[in-house]
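In case you want the letters, here they are:
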Amino acid sequence: TGNGAGTFLYDMENLTDDRNSNRFLGSLSSSYFPTDWLSIDGLFTYDGRDRQDRTQLVKGYRTFAASSADNNGRMTLNDLHDEAYNAALSASLRKQFTRDLNGKLVLRSSYEREDFVQNEGRGQAFIAKDIYTITSTTLNKTATSTQQSIRNIGMSAATSFDFKDRYILDGVYRVDGSSLFGANERWHPYYRGSFAWRASEEKWWPAKGVFNDLKVRASIGTG
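Residues numbered from 1 in each chain as written. Predicted model: local features only at pLDDT ≥ 70, side-chain atom pairs only at ≥ 80, totals over all residues. Heavy atoms only, no water.

J.: Please set out the pairing of strand S5 (residues 137–163) residue by residue, giving values where relevant.
T.: Here 24 bridges tie strand S4 (residues 101–126) to S5, and the two strands are oriented antiparallel to one another. The residue of S5 that forms the bridge with Leu-105 is Thr-159. Across 12 bridges, the pairing between S5 and strand S6 (residues 167–178) is antiparallel. The residue bridging Ser-156 from the neighbouring strand is Arg-174, located in S6. Linking S5 back to S6 in an antiparallel pair, the connection comprises 3 residues, with Lys-164 at a positive phi of about 60°. (Pairing = 2+ DSSP bridges. Helix = DSSP H or I, 4+ residues; strand = E, 2+ residues; numbered from the N terminus.)

Next up, the structure:
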């Protein structure tokens, strides 16, 4: 019918739709304990991905319609490169002030970056048979590209105090920066404070056989 379009076997011979992808994932972590009250941890991760897409119809491709722009072939090329880095460094300090009072301070910084590049070209109607390049097409030639880089930085300090393993006070203060926001909104501080009471650790707790761990917690903060 029409221009004599064939079955799916015809497309297998005359339509090319290829995708080649490569991806690499890696991470490295390290811990250092200079004293019994201090530990330092570092983490680095990498995620890289490359992808190439190629779609091609031969010149003289048959369609059900008597006349179609695809009869003289078409080609689309798409290249993508995406890679992300993440790094974090933290230090934990622990202190036993008395037999019943323990404290902890955690300092942390993080850095994240993602770079994305994509290029695409397409065209229709090849000039000559068996010469398959976009430069040899005559209709609807386009070339587009996209490039984006996203970066995030964060710094925080968190402290907690534990008295008799039943009264817990903790707080966090952090500053985050993101390239996704404008200059006036790029950096913002956040905080959180909370208090927890493990009622089930009290000597007078009457229901140890029923509820062996009951914690009441109250928090306030920003996000």
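Following the structure, the description resumes.
J.: I'd like a description of a nonpolar patch on the surface, backed by residues and values.
T.: Together, Phe-97, Phe-161, Leu-169 and Phe-195 make up a nonpolar patch on the protein surface, roughly 380 Å² of accessible area in all. In this structure, Phe-195 sits in strand S7 (residues 187–198). Classification of Phe-195 as partly exposed rests on a relative accessible area of 40%. (Patch = residues over 30% accessible without salt bridge, like charges linked within 9 Å, V, L, I, M, F, W, Y side chains within 5 Å. Areas by Shrake-Rupley, 256 points an atom, 1.4 Å probe, with all protein chains shown as cover. Salt bridge = Lys/Arg side-chain N within 4 Å of Asp/Glu carboxyl O. Buried < 20%, exposed > 50% of the residue type's maximum accessible area, 1.4 Å probe, protein only.)

J.: Go over the side chain of Arg-51, please, and point to the residues and values.
T.: Note on placement: Arg-51 falls in strand S2 (residues 38–57). One polar contact links Arg-51 to Asp-53, side chain to side chain, over a distance of 3.3 Å. (Polar contact = N/O pair within 3.5 Å; in protein donor to acceptor, adjacent residues only side chain to side chain.)

J.: So what about the environment of Arg-166? Which residues, and what values?
T.: Looking at the element boundaries, Arg-166 is found in the loop between S5 and S6. Accessibility expressed as a relative area gives 15% for Arg-166, which makes it buried. Each C-alpha atom of the pair Arg-166 and Ala-196 lies 7.8 Å from the other, and the pair is 30 residues apart in sequence. Apart from the residues within four sequence positions on either side, Arg-166 is in contact with Ala-196, Trp-197, Arg-198, Glu-201 and Glu-202. (Contact = heavy atoms within 4.5 Å.)

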